[in-house]
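A structural walkthrough
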Amino acid sequence: MKDIIILGIESSCDDTAASVLKNGFVLSNIVADQQIHQKYGGVVPELASRAHQQKIVPVVDLAIETAGIKRSELTAIAFTRGPGLLGSLIVGSSFAQGLGFSLGIPVVDVNHMQAHVLAHFIEDPAQKKPGFPFLCLTVSGGHSQIVLVRTHFDMDVIGETIDDAAGEAFDKAAKLLGLPYPGGPMVDKMAAEGSVRFDFPMPSVKGYDYSFSGLKTSLLYFIQKEQEKDPDFARKNLRDICASYQSAIVTYLFKKLILCAKNLGIREIAIAGGVSANSHLRAELQRFGKEFGWNTYIPKFEYCTDNAAMIGIVGHYKLLCGQEFGESLVPTARLAFNE
Ligand code: KG4
Ligand code: ZN
């Protein structure tokens, strides 16, 4: 069979990423993050799309050069169609379509959240692939979902956050504690040196859905109350606050995931998305895996946070399945799985 060489392009938020995959194996995986947002403590959409415009050509060139291939060898280009910031999506989508047109090759649209899940199918001799059906806890800066995955392209969100995403809960807490953006990795780092000493109430939402906004508010009130007694409380207890808050988020995520796995009788359990880079979440998945007899799947660190290899692998499977494409290339900020 002819080789499938795909260029993946990701530009849904504040990372400009490009990757080349050959038959599902990653030849290059380039991610350029955007430091500009740090001083605002969050992503500024207009600045993000401008930075994508500046970075997309050098990032794609570097991905092709690192892969050691020529542009003319590409079989197809896969790009993120949504969900994400519209101005950011437009940059990746227009670039992909322009390049695809000039090379005369197919351009394949990819759903970013589906790509986080299918990151588990990037070919790697050191990584097992989940068996179908499996549950994937997809936790990122914009989403928190429990996804029931029946096949590569038959998946449904069976639980999701009704307000903030888990990543936002990390980022907002970090901001409150004076840590730089994005806060998740910083909270993770601080928590590793702290102990769980403070209690945060578990949000109560029915079924498999989540809510994270109350958790963030309870942290705010807790700090305000303690600071009245000791104005230096947050600084002095930073590591323990991070450990306690992180533990509350992770415990809550697993509470619903365990319920779901039990009710559906599924033992193939995966995690995905930026928050799946969290060391406590990864350790807890292993622990629960042993306790409940699950087969657990954790993506490599570089395929957890936003990257283009995951976009490329979806393109690869779409080509393999002979899926129709080319009809729905319009970037869409709010894109459901089956659109
Ligand atoms: O998947 P992702 O890169 O982008 C979105 O699609 O949103 O996820 C970014 C989110 C941010 O909220 C970031 O703080 C969080 O993932 N994150 C982490 C860690 N690394 C990234 N959260 C907790 N612990 C981490 N180690
Ligand atoms: Zn993402």
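The next subject is the coordination of the zinc ion (ligand 2). The coordination sphere of the zinc ion (ligand 2) contains the protein donors H112 (NE2), H116 (NE2) and D306 (OD), at a distance range of 2.0 to 2.1 Å. The sequence motif formed by the donor residues of the zinc ion (ligand 2) is H-x3-H-x189-D. Of this pair, H112 sits in helix α3 (residues 112–118) while D306 sits in the loop between β10 (295–297) and α10 (309–320), and the two are 194 residues apart along the sequence. By the burial criterion, H112 is buried, and D306 matches it.

Judged by how many residues are buried, strand β2 (residues 15–22) sits mostly within the fold: seven of eight residues are covered. With six bridges connecting them, strand β1 (residues 5–10) and β2 associate as antiparallel partners. The residue of β2 that forms the bridge with L7 is V20. Between β1 and β2, which pair antiparallel and follow one another directly, the connecting turn spans four residues. Of the pairings in the sheet, the one linking β2 to strand β3 (residues 25–33) comprises eight bridges and is antiparallel in character. Bridging from a neighbouring strand, L21 pairs with V26 of β3.

On to the pattern of salt bridges. Per the counting criterion, the structure on display carries 18 salt bridges. A salt bridge links D61 to R71; the shortest N-O distance between them is 2.8 Å. One end of the pair, D61, is in helix α1 (residues 45–67); the other, R71, is in the loop between α1 and β4 (76–82), and 10 residues separate them in sequence. Residues R235 and D232 are paired through a salt bridge, measuring 2.8 Å at the closest nitrogen-oxygen approach.

It is worth spelling out the packing of helix α4 (residues 166–176) against helix α5 (residues 183–192) at this point. Close contact between α4 and α5 brings their axes to 7 Å; oriented N to C, the two are set at 75°. Looking at the two axes, α4 sits roughly perpendicular to α5. Contacts between α4 and α5 involve F170, D171 and A174 from the former and G183, G184 and V187 from the latter. By residue class, the composition of the contact of α4 with α5 is three nonpolar, two polar and one charged.

Looking now at helix α6 (residues 213–229). Given a rise of 1.5 Å per residue, 17 residues ought to cover 24 Å, and the 25 Å separating the end C-alpha atoms of α6 matches this to within 8%. Where α6 is concerned, the buried positions are L215, S218, L219, F222, I223 and E226. An end-on view of α6 places all buried positions within 135° of arc, on one side of the element. Facing away from the buried side of α6 by more than 90 degrees, the exposed set consists of Y221, K225 and E228. Of the surrounding elements, those touching the buried residues of α6 are α4, α7 (233–236) and α8 (238–264).

Reading the values: the criteria
- Residues numbered from 1 in each chain as written.
- Chains lettered and ligands numbered in written order.
- Predicted model: local features only at pLDDT ≥ 70, side-chain atom pairs only at ≥ 80, totals over all residues.
- Heavy atoms only, no water.
- Donors = N, O, S within 2.8 Å, 3.2 Å for Na, K, Ca; no water.
- Helix = DSSP H or I, 4+ residues; strand = E, 2+ residues; numbered from the N terminus.
- Buried < 20%, exposed > 50% of the residue type's maximum accessible area, 1.4 Å probe, protein only.
- Pairing = 2+ DSSP bridges.
- Salt bridge = Lys/Arg side-chain N within 4 Å of Asp/Glu carboxyl O.
- Axes fitted to C-alpha atoms, helices over the stretch in contact; angles between N-to-C directions.
- Parallel < 35°, antiparallel > 145°, perpendicular 65-115°, else oblique.
- Contact = heavy atoms within 4.5 Å.
- Nonpolar A, V, L, I, M, F, W, Y, C, P; charged D, E, K, R; others polar.
- Expected span 1.5 Å × (residues − 1).
- Arc of directions from axis to C-beta.

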